[in-house]
Amino acid sequence: LSGTTSQVLSQSKLIVTACMLYGIKGQKQSSLQWILLVLLMLSLCCYSIMGDLLSKHQKLKKGEEVTESEDTLMGMFMTVLKVAVSCLCAVLSDKYMKDF
């Protein structure tokens, strides 16, 4: 898993947390906040995709073989799982710790 892909997936915490806050606590975000979250995620995705395409293009230019491995898919799955668990724990602790 490349560093940029990992970082983009980790930054998805922002949007996942906002969705979980709405689903678990009922805390809504304003329209402006949603727009900014979506724009941030789109810009991070574009950055990651362009970086991957550039590195693949450079490998092809050198005559090297470009392959996708199962390790990349497993890395992406594990990163998404880490983000989901981290966000769930943060939202639940926020919900129950504020009662005290």
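Quick caveat: nothing in here was measured; it's all calculated off a predicted structure.

(A) Structural detail: the overall build of the chain. A count of helices and strands for the chain gives four helices and zero strands. Listed by position from the N terminus, the elements making up the chain come as α-α-α-α. The buried share among the 100 residues of the chain stands at 16%. The long-range fraction of contacts in the chain, counting pairs at least 24 apart against all pairs at least 6 apart in sequence, stands at 77%. Summing over all exposed atoms, the chain offers an accessible surface of approximately 7400 Å²; the carbon and sulfur share of this is 67%.

(B) Just a nonpolar patch on the surface, in detail. A grouping of L32, I35, L36, V38, L39 and L42 is seen on the molecular surface, where their side chains present a nonpolar patch of about 580 Å² in accessible area. Along the chain, L39 turns up in helix 3 (residues 31–62).

(C) Representation of helix 2 (residues 13–25) within the structure. The first and last C-alpha atoms of helix 2 sit 17 Å apart over 13 residues, in line with the 18 Å expected at 1.5 Å per residue. Along helix 2, the positions that sit buried rather than exposed are A18, M20 and L21. Projected onto a plane normal to the axis of helix 2, the buried residues spread over an arc of 170° and lie on a single side. Just beyond helix 2, the residue with positive phi is G26, at close to 80°.

(D) Quick peek at the nonpolar core. By size, the foremost hydrophobic cluster in this structure holds five residues: M20, L21, V83, C87 and V91. Put simply, the parts of the chain that give this core at least two residues each are helix 2 and helix 4 (70–97).

(E) Up close: the packing of helix 2 against helix 3. Where helix 2 meets helix 3, the closest approach of the two axes is 9 Å, and the angle between their N-to-C directions is 145°. Where helix 2 crosses over helix 3, the two elements pack in a sense that is left-handed. On helix 3, the residues touching L14, I15, A18 and C19 of helix 2 are W34, L37, V38, L40 and M41.

(F) The packing of helix 1 (residues 3–11) against helix 3, seen in detail. Relative orientation of the contacting elements helix 1 and helix 3 amounts to 165°, with a least axis distance of 9 Å. The angle between helix 1 and helix 3 falls in the class roughly antiparallel. As for the relative orientation of helix 1 and helix 3, their crossing is left-handed in sense. In this structure, helix 1 uses T4, T5, V8 and Q11 to contact helix 3, whose residues at the interface are M41, L44, C45, Y47, S48 and D52. Classifying every residue of the contact of helix 1 with helix 3 by side-chain character gives five nonpolar, four polar and one charged.

How each quantity is defined
- Numbers given to residues run from 1 along each chain, matching the order in which its sequence is written.
- It should be noted that, the model being predicted, local features are given only for residues of pLDDT at least 70 and side-chain atom pairs only at 80 or more, the latter also being counted only at that level, while totals for whole chains, interfaces and linings use all residues.
- Heavy atoms from the whole structure form the basis of all side-chain values; hydrogens and water molecules are not counted.
- To qualify as a helix, a DSSP run of H or I must reach at least 4 residues; to qualify as a strand, a run of E must reach at least 2; elements of each kind are numbered from the N terminus.
- Exposure categories follow from relative accessible area, calculated using a 1.4 Å probe and restricted to protein chains: below 20% of the type maximum is buried, above 50% is exposed, and the middle band is partly exposed.
- By definition, residues are in contact when any of their heavy atoms lie within 4.5 Å.
- Using a 1.4 Å probe, the Shrake-Rupley method yields the accessible areas, and only the shown protein chains count as cover for residues.
- Think of a patch as exposed residues, more than 30% relative accessible area, with no salt bridge, where like charges cluster within 9 Å and nonpolar side chains (Val, Leu, Ile, Met, Phe, Trp, Tyr) cluster within 5 Å.
- Note on definitions: salt bridges are taken to be side-chain nitrogens of Lys or Arg within 4 Å of carboxyl oxygens of Asp or Glu.
- Multiplying one less than the number of residues by 1.5 Å gives the expected span of a helix.
- This arc describes the spread of directions from the helix axis toward the C-beta atoms.
- Only buried Ala, Val, Leu, Ile, Met, Phe, Trp, Tyr and Cys residues count toward a nonpolar core, and they belong to the same one when joined by side-chain atoms within 4.5 Å.
- The axes are straight lines fitted to the C-alpha atoms, using for helices just the contacting stretch, and the angles between their N-to-C directions are given from 0 to 180°.
- Each helix crossing is assigned a hand: it is left-handed if the near helix lies turned anticlockwise from the far helix by less than a right angle, otherwise right-handed if that turn is clockwise.
- Any angle from 65 to 115 degrees is called roughly perpendicular, while one under 35 is roughly parallel, one over 145 is roughly antiparallel, and all others are oblique.
- Any residue that is not Ala, Val, Leu, Ile, Met, Phe, Trp, Tyr, Cys, Pro, Asp, Glu, Lys or Arg is counted as polar, Gly included; the first ten are nonpolar and the last four charged.

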